[in-house]
Amino acid sequence: MLVAVVVLPVVFAGWLWFHVDSSVRRIDAFPDYPGRPEAAAGTNWLVVGSDSREGLDPETAAGLHVGDADGQRTDTILVAHLPDNSTTPTLISIPRDSRVPVPGQGRTMINEAFAVGGPQLLAQTVEQATGLRIDHYAEVGFGGFAGLVEAVGGVEMCLDQEMHDVKTGQTLQAGCQTLNGPDALTFVRMRYSDATPRSDLDRVANQRKFIGALAAEASSITTLINPFRAYALADEGASALTMLDSDGPGDLLSLGWAMRGMSSGGVVTTTVPVTDAKASQWDREKALRLFKAMEADDPVPEDLIVN
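Conventions we followed
Residues numbered from 1 in each chain as written. Predicted model: local features only at pLDDT ≥ 70, side-chain atom pairs only at ≥ 80, totals over all residues. Heavy atoms only, no water. Helix = DSSP H or I, 4+ residues; strand = E, 2+ residues; numbered from the N terminus. Expected span 1.5 Å × (residues − 1). Buried < 20%, exposed > 50% of the residue type's maximum accessible area, 1.4 Å probe, protein only. Salt bridge = Lys/Arg side-chain N within 4 Å of Asp/Glu carboxyl O. Disulfide = S-S within 2.5 Å. Pairing = 2+ DSSP bridges. Patch = residues over 30% accessible without salt bridge, like charges linked within 9 Å, V, L, I, M, F, W, Y side chains within 5 Å. Areas by Shrake-Rupley, 256 points an atom, 1.4 Å probe, with all protein chains shown as cover. Phe/Tyr/Trp six-rings, centres within 6.5 Å; stacked < 30°, edge-to-face > 60°.

**A word on helix α8 (residues 227–240)**
The first and last C-alpha atoms of α8 sit 19 Å apart over 14 residues, in line with the 20 Å expected at 1.5 Å per residue. All buried positions along α8 are accounted for by A230, L233, A234, G237, A238 and A240.

Okay, here's the thing in structure tokens:
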């Protein structure tokens, strides 16, 4: 019995590791190009939430209230910096309507890079706009995101006021509640609401808040010691995620472990500084200071932290 108690969890964990590594969708590594930023301190992840409906049948899409738009765009663009020293990890949002130089497309909205050239062009655009070299990549679509939320049994969020999206007609009630997959998707996408007066700036702040709560739930002891929930999370994660050929479960675990402290202040979260309400124009001086701090593994200056 003692051998079984010790060996079975190890065997289960090993099998789960192999299952994730063999099931996750892979893409070609980011190509080198002239002038690509050199590797610096720490590790940088590009985390993308795609609005692709690929793989969703009409009934599922209707249940998630995502419409039927063709192609793929980026509802969420995040850069996570994991330092090599004791500096706090950083997670920054890049508003999807940010106007930046996109190779081959001129100066346009950054989500155009993903729509036209997929992860490779988006990564090159982010690298050139920020000066940060991207080391790892993670992408999740609508269905995969909802599945991850369902796998952990939902995520508790406390809403200060009712959130009603005038475009989709979806409503989330005020107060603390456990959001299921479709409701979570509504929460992280909502920007046409009295509860989101800053539109996309409020939306990206809510996205970071939710990701922190999801990471905390996924890394909780109740999830890790429950083999059924652990398997559901690993299985959903493997089918939901797109990663680089060179990335594996260990890389993903390091990201999740670093982000687990978001809900308790263990991660610095902010948005790229902007100069207009539409979040289309960056404050270049402040943005440069932010990216330089990340590049050097230095603490992010307090005046650059906006939530």
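That shown, we press on.
**Points about the pattern of salt bridges**
In the structure shown here, the tally under the stated rule is eleven salt bridges. Between R289 and E285 there is a salt bridge, and its shortest N-O distance comes to 3.8 Å. Highlighted residues: R289 and E285, both in helix α10 (residues 284–295), separated by four residues, approximately one helical turn. Through salt bridges with shared partners, one network takes in D32, R36, E127 and R133.

**Observations regarding the state of the cysteines**
Inspection of the entire model under this criterion finds one disulfide. Each sulfur in the disulfide pair C158 and C176 lies 1.9 Å from the other. An S-S torsion of about 105° defines the bridge between C158 and C176 as right-handed. Taken as a pair, C158 in strand β8 (residues 155–159) and C176 in strand β11 (residues 175–179) lie far apart in primary sequence, 18 residues in all.

**Section: the pairing of strand β6 (residues 106–109)**
For a regular strand, side-chain orientation follows a simple rule: the groups alternate between the two sheet faces. Where strand β5 (residues 99–102) meets β6, four bridges bridge the pair, whose relative direction is antiparallel. If you follow V102 over to β6, its bridge partner there is G106.

**Some thoughts on a nonpolar patch on the surface**
A cluster of nonpolar side chains, I221, L224 and I225, forms an exposed patch at the surface whose accessible area comes to about 340 Å². As for its position among the elements, I221 is in helix α7 (residues 221–224). On the accessibility criterion, I221 (59% relative accessible area) is exposed.

**Here's the deal with unusual backbone geometry**
Phi is positive for S199, which is not a glycine, with a value near 55°. One can find S199 in the loop between α5 (181–189) and α6 (200–218). Phi at D297 is positive, roughly 60°, even though this residue is not glycine. Note on placement: D297 falls in the segment after α10.

**Notes on the packing of aromatic side chains**
For the structure shown, the criterion picks out four aromatic pairs. Note on F30 and Y137: the rings are 5.8 Å apart at their centroids and 85° apart in plane angle, and the pair reads as edge-to-face. Of the two residues, F30 sits in the loop between β1 (25–27) and β2 (43–50) while Y137 sits in strand β7 (residues 136–140), which places them 107 residues apart along the sequence. In terms of burial, F30 and Y137 fall into one category: buried. Each ring, one from F145 and one from F210, has its centre 5.6 Å from the other, and the planes form 50°; the classification is tilted.

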